[in-house]
Each structure stands twice: as structure tokens, then as C-alpha cells.
Amino acid sequence: MHSFIANQNMKIGTYYYPEQWPREQWERDFDTMQRMGLQIVHMGEFAWFDMEPEEGKINLDWLAECVEMAARRDMKVILCTPTAAPPIWLVEKYPEILPVDQYGRRKRFGGRRHYNPLAPAMIQAAKRIVTALADRFGQHPAIIGWQIDNEFCGEFDQSELTHQV
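Residues numbered from 1 in each chain as written. Predicted model: local features only at pLDDT ≥ 70, side-chain atom pairs only at ≥ 80, totals over all residues. Heavy atoms only, no water.

Caption draft 1: Structural view of the packing of aromatic side chains. For the structure shown, the criterion picks out three aromatic pairs. Where Tyr 16 meets Phe 30, the ring centres are 5.3 Å apart and the plane angle is 80°; that geometry is what we call edge-to-face. With Tyr 16 in the loop between β1 (13-15) and α1 (26-35) and Phe 30 in helix α1, the pair connects residues that are 14 residues apart, well separated along the chain. Accessibility assignment for this pair places Tyr 16 and Phe 30 in one class, buried. The interplanar angle of 50° and the centroid separation of 6.5 Å between the aromatic rings of Trp 26 and Trp 62 together place this pair among those described as tilted. One end of the pair, Trp 26, is in helix α1; the other, Trp 62, is in helix α3 (residues 61-72), with 36 residues separating them in the sequence. There is no split in this pair, since Trp 26 and Trp 62 are both buried. (Phe/Tyr/Trp six-rings, centres within 6.5 Å; stacked < 30°, edge-to-face > 60°. Helix = DSSP H or I, 4+ residues; strand = E, 2+ residues; numbered from the N terminus. Buried < 20%, exposed > 50% of the residue type's maximum accessible area, 1.4 Å probe, protein only.)

Rendered as C-alpha cells:
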């Protein structure tokens, strides 16, 4: 029988979506992660609406609070850019960011990757939120990495804009 010896350099962590849980539970959740021996927490990948509930109104205080909760427990953080799930206000204001299928129909809001990455309004909005995250957390000692997107896949946009590029 073979015995498994853990690599002492290997880190273990978890995904956490604080925006999905009541704020009163966050301390409990981070305590649980610490008790479990987790060393890394991964946050923010689908939280664009919570980070920017209205165009240009960035609120990262809640995320900073979670980063600090992790840091106080000697956990490191991988922050994610939330561009895989644009907020509904972005689609409502700029419907041209929705992708077009092979029949020329615009897709609907919802799920992940529901945008054309070449749409100027999407590019501008993505730059705004990513820059805000980098400005706020880029030098934070608990941040050890960035996930710049999530599951880059999906159907190819067939809009005129995409075919021009």
C-alpha cells in the first residue's frame, strides 16, 4: 500500500462569494475556512453588480472588508475581475454589448459570457471596474494573484462589429 505525503509547498483554498451571503455570516465563514486549514480564498469573479451597482459608482468597501478578514486569519487572496458577468444595468443601457447569434438575433441578459468582448461600451466598462480593483487592491499584501476572467468560452459573437474586426 502506498502512503500519500502532502507536498509542504502546496496551498489549499476555496472560492467564496461573500456577496451571496448576509454580512453577519462573513466572520463565521472566514473562521470556518481558517479552522479547515485553508490558506487561500478566491473572491469577486461574478460580483460586478455589487462592485458597481450603478455606472461609475464603484463600491469596493465590502470586498476590502473581506480581504481584511482573510488577512487577519493569515489567509492569502486571489481576486477576480468580474467581467464574466456584466451587471444588468450595463446591458440595459448598452444593449449593443449583447452578442448576436448566427441568425442575427441578440442574446438575452443572464448567465455568464453574455456580451461581445469587442463592444466599445463593454471595453470601457471593463476597463473602469478592473482599474478600480487594481487601484484599490494592487499593492495589498494579502493579494497573491488575480484571475482576469472566468471560463473564457461560449458561442462566437456574429455581430457586424465582430465581423469588421
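Caption draft 2: Examining the sheet that holds strand β2 (residues 40-43) more closely. Read from one edge of the open sheet, four strands run β1-β2-β3-β4, paired in parallel fashion. Of all strands in the sheet, those bounded by a partner on one side alone are β1 and β4 (143-147). Ignoring which end each strand starts from, the neighbouring axes of this sheet average 20° apart. With four bridges connecting them, β2 and strand β3 (residues 76-80) associate as parallel partners. From the neighbouring strand, Ile 40 faces β3, where its bridge partner is Lys 76. (Pairing = 2+ DSSP bridges. Axes fitted to C-alpha atoms, helices over the stretch in contact; angles between N-to-C directions.)

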